[in-house]
Amino acid sequence: MSVNNNSPVVQFYNEKTVFITGATGFMGKVLVEKLLRSTNVKKLLLLIRPKKGVQTEQRLKTLLSSAVFDRVREIDPALLEKVDSVAGDITEESLGIDDESERILIDSVNVVFHCAATVRFDEDLTKSVAMNVEAVLAILALAKKMTNLEALVDVSTAYCNCDLKNIDEEIYPPPGNPRGVVDACKWMDSDKLNSPEMTKIMIGNRPNTYTFTKALAENVLLTEGKGLPIVIIRPSIVTAS
């Protein structure tokens, strides 16, 4: 399919290879569909983990068979062939990506969308830190190796600075030391850390582990992502249209 559109956004994605985490989630699906339907993107590489015995390739097939891609199928079913899966897991070291897949990503990716996260407000602190902070560190480490990277887009939240009355488009001081919190979650007893009492001490004036870890993640992007073309977006409440 050829997209005839003078939009600079559409032109930007022409023949680009895009790597997306969290593509099986609500926002991720919409992003994949929009890129396929409205741009001449070259390839979409989706980080997908095996889940409940279902392997990555099967999860990709299930994803692409969902109703959200009906319009894409009507336009040109071949567009779905632009989508490939990369086996991995954001909670594992180096995102759980094998050496061959990592080399492909390093050599070919132009744009990264990091959408994967736990969005549960009452998530255990250790799990929230692993998924929302450590994963960002791993994404940055991978991005620094990419030879053709033009943009790294991180999906944060409008509520990461919910302790402030007015919020501008800037990164605010974190509610803790991100590296220190990550280290604490590794060497301290998880049951103790995840207890309501200890979690409350750790997150301070933040209402939950979600807003706490998302604020830490933004600071990680600022301090650890220097030199990278980073964009942070802060959605509020996301619902179906």
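Asker: Give me the nonpolar core: which residues, what numbers.
Answerer: Core analysis: the biggest nonpolar cluster contains 38 residues, and Phe-19, Ile-97, Leu-105, Val-112, Leu-142 and Met-146 have the highest contact counts within it. Elements that contribute at least two residues to this core include exactly strand E2 (43-48), helix H5 (99-108), helix H6 (125-143), helix H7 (178-187) and helix H10 (209-224). Ranked by residue count, the leading element in this core is H6, at 12 residues. The contacts of Leu-142, once residues within four sequence positions are left out, are Phe-19, Leu-95, Ile-97, Glu-102, Leu-105 and Ile-106.

Asker: Give me the lowdown on the pattern of salt bridges, citing residues and values where you can.
Answerer: Taken as a whole and judged by the stated rule, the model has 11 salt bridges. The shortest N-O distance in the salt bridge between Glu-150 and Lys-16 comes to 3.9 Å. Of the two residues, Glu-150 sits in the loop between H6 and strand E5 (151-155) while Lys-16 sits in the loop between helix H1 (8-12) and strand E1 (17-21), which places them 134 residues apart along the sequence. Using a relative accessible area of 12% as the deciding quantity, one classes Lys-16 as buried. When the shortest N-O distance is used, the salt bridge between Arg-234 and Glu-218 registers 2.7 Å. Here Arg-234 is found in the segment after strand E6 (230-233), whereas its partner Glu-218 is found in helix H10, with 16 residues between them in sequence. For Arg-234, a relative accessible area of 26% corresponds to the partly exposed category. With a relative accessible area of 1%, Glu-218 lands in the buried category.

Asker: Outline empty space enclosed by the protein, listing residues and values.
Answerer: Empty pockets left among the atoms are what a rolling probe the size of a water molecule brings to light. Evaluation of the coordinates by the stated rule reveals one cavity of 30 Å³ or more. What the largest cavity holds in volume is close to 40 Å³. If you go around the largest cavity, the residues you meet are His-114, Ala-116, Ala-117, Met-131, Asn-132, Val-136, Asp-154, Val-155, Lys-214 and Ala-217. Contributing elements (two or more residues each) for the lining of the largest cavity: H6, E5 and H10. When residues in the lining of the largest cavity are grouped by element, the largest group, three residues, is from H6. Tallied by class, the residues present in the lining of the largest cavity amount to six nonpolar, two polar and two charged.

Parameters at a glance
- Residues numbered from 1 in each chain as written.
- Predicted model: local features only at pLDDT ≥ 70, side-chain atom pairs only at ≥ 80, totals over all residues.
- Heavy atoms only, no water.
- Core = buried A, V, L, I, M, F, W, Y, C linked by side-chain atoms within 4.5 Å.
- Buried < 20%, exposed > 50% of the residue type's maximum accessible area, 1.4 Å probe, protein only.
- Helix = DSSP H or I, 4+ residues; strand = E, 2+ residues; numbered from the N terminus.
- Contact = heavy atoms within 4.5 Å.
- Salt bridge = Lys/Arg side-chain N within 4 Å of Asp/Glu carboxyl O.
- 1 Å grid on protein atoms, 1.4 Å probe; cavity = no way out; pocket = protein on both sides within 12 Å on 5 of 7 lines; lining within 4 Å.
- Points joined across faces, edges and corners; volume = space filled by probe spheres on them.
- Nonpolar A, V, L, I, M, F, W, Y, C, P; charged D, E, K, R; others polar.

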